[in-house]
Amino acid sequence: MSERLNGIRWVWFDIDDTLWDFSHNSATALCSIYDDFGLSSRFASAEEWISQYESINLPLWDLYNRGKITKEFLQAERFYRTFVNAGFSGAELDRLDGMNEIYLDRLASQSVAVEGSHATLAELKRRGLHTGVVSNGFSGVQERKLKNAGLKVDVVVLSDEIDINKPDRRLFDYALQKSGATAEESLMVGDNPLTDIAGAIKAGWRSILYKPTAPAAAEGIIRSLPELLDIL
Ligand SMILES: [Mg+2]
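### Things to note about the environment of H24
Mapped onto the elements, H24 comes out in helix α1 (residues 22–36). C-alpha separation for the pair H24 and Q110, spaced 86 residues apart in sequence, amounts to 9.1 Å.

Here you go:
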């Protein structure tokens with residue numbers, strides 16, 4: 001990417017797997033649960049446990065992002081279904097009750113940020129640009145993630161605040177209202193084309209897809225966060 005974006009004064013980021021290394025941190029939290037709750041009785045390895053959980057969690061997140069299910073349903077079902085599918089029942093299953101809260105607590109305690117995120121945020125600030133996050137994650141959890149990883153932005157916008165998720169443009173409109181920014185001067189940076197990018201486009205913002213595996217010089221895509229600094 002070499003063409004510069006003009007007129008951007010607000011740079012907004014997605015949190016999970018854009019600023020905060022969700023994939024790494026979630027695997028750490030899930031591995032600790034595997035060890036502490038004796039999950040080796042039903043899952044051959046921690047990798048198998050994580051892969052079974054993700055095969056249930058990801059489709060539920062897709063439904064949640066599209067407003068088809070509630071946060072409560074997602075949180076209640078994702079671990080329960082994984083355990084039932086693996087053959088847990090009765091007292092064994094009861095012992096695992098409340099796993100969603102345990103997971104979220106262990107997840108939010110992790111602190112690995114995406115490479116280049118601190119340096120990029122610091123340089124944006126030095127250049128006098130405002131920064132924010134727009135996230136579909138849960139309040140109480142997202143703030144802890146940012147704090148533990150030392151990620152500082154000017155404004156935090158969570159879908160929980162108004163019960164509207166990306167890609168619904170109303171969440172982006174709400175971010176403008178909360179910050180005093182305008183759509184024309186806002187740039188959204190995120191790793192999910194269906195939520196981060198599609199939503200930003202609907203709201204009239206500029207957008208950049210963060211995709212570490214993208215081919216070099218693909219338009220509208222960065223492969224590392226510091227690449228942003230070349231176009232702003
Ligand atoms: Mg993300």
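### Description of the nonpolar core
The biggest cluster of nonpolar side chains holds 35 residues, and the ones touching the most others in it are W12, L19, W20, V134, F172, L187 and V189. Those elements that provide at least two residues to this core are β1 (10–13), α6 (117–126), β2 (130–135), β3 (155–158), α8 (169–179), β4 (186–190), α9 (193–202) and β5 (206–210). What V134 contacts, discounting residues up to four positions off in sequence, is W12, D14, V157, K166, L171, F172, A175 and M188. One finds W49, Y53, Y103 and L107 within the second-largest nonpolar core, a separate group that totals 11 residues.

### Re the domain arrangement of the chain
Taken domain by domain, the chain consists of domain 1 (10–21 + 114–231) and domain 2 (23–108). Domain 1 and domain 2 are separated by 27 Å when their C-alpha centres are compared. Across the contact, 11 residues belong to domain 1 and 10 residues belong to domain 2. With three residues, the single largest contributor to the side of domain 1 that touches domain 2 is helix α7 (residues 142–148). Along the lines of polarity and charge, the residues of the side of domain 1 that touches domain 2 split into three nonpolar, four polar and four charged.

### Brief notes about the pairing of β1
With burial as the criterion, each face of β1 is covered, one bearing W10 and W12 and the other bearing V11 and F13. In the sheet, β1 pairs with β2 via four bridges, with the strands oriented parallel. Residue pairing in the sheet places W12 in a bridge with G132 of β2. Where β1 meets β4, four bridges bridge the pair, whose relative direction is parallel. By the bridge assignment for β4, W12 is matched with M188.

Parameters at a glance
Residues numbered from 1 in each chain as written. Predicted model: local features only at pLDDT ≥ 70, side-chain atom pairs only at ≥ 80, totals over all residues. Helix = DSSP H or I, 4+ residues; strand = E, 2+ residues; numbered from the N terminus. Core = buried A, V, L, I, M, F, W, Y, C linked by C-beta atoms within 7 Å. Buried ≥ 20, exposed ≤ 12 C-beta atoms within 10 Å, placed from the backbone. Contact = placed C-beta atoms within 7 Å. Domains from an automatic or database assignment. Nonpolar A, V, L, I, M, F, W, Y, C, P; charged D, E, K, R; others polar. Pairing = 2+ DSSP bridges.

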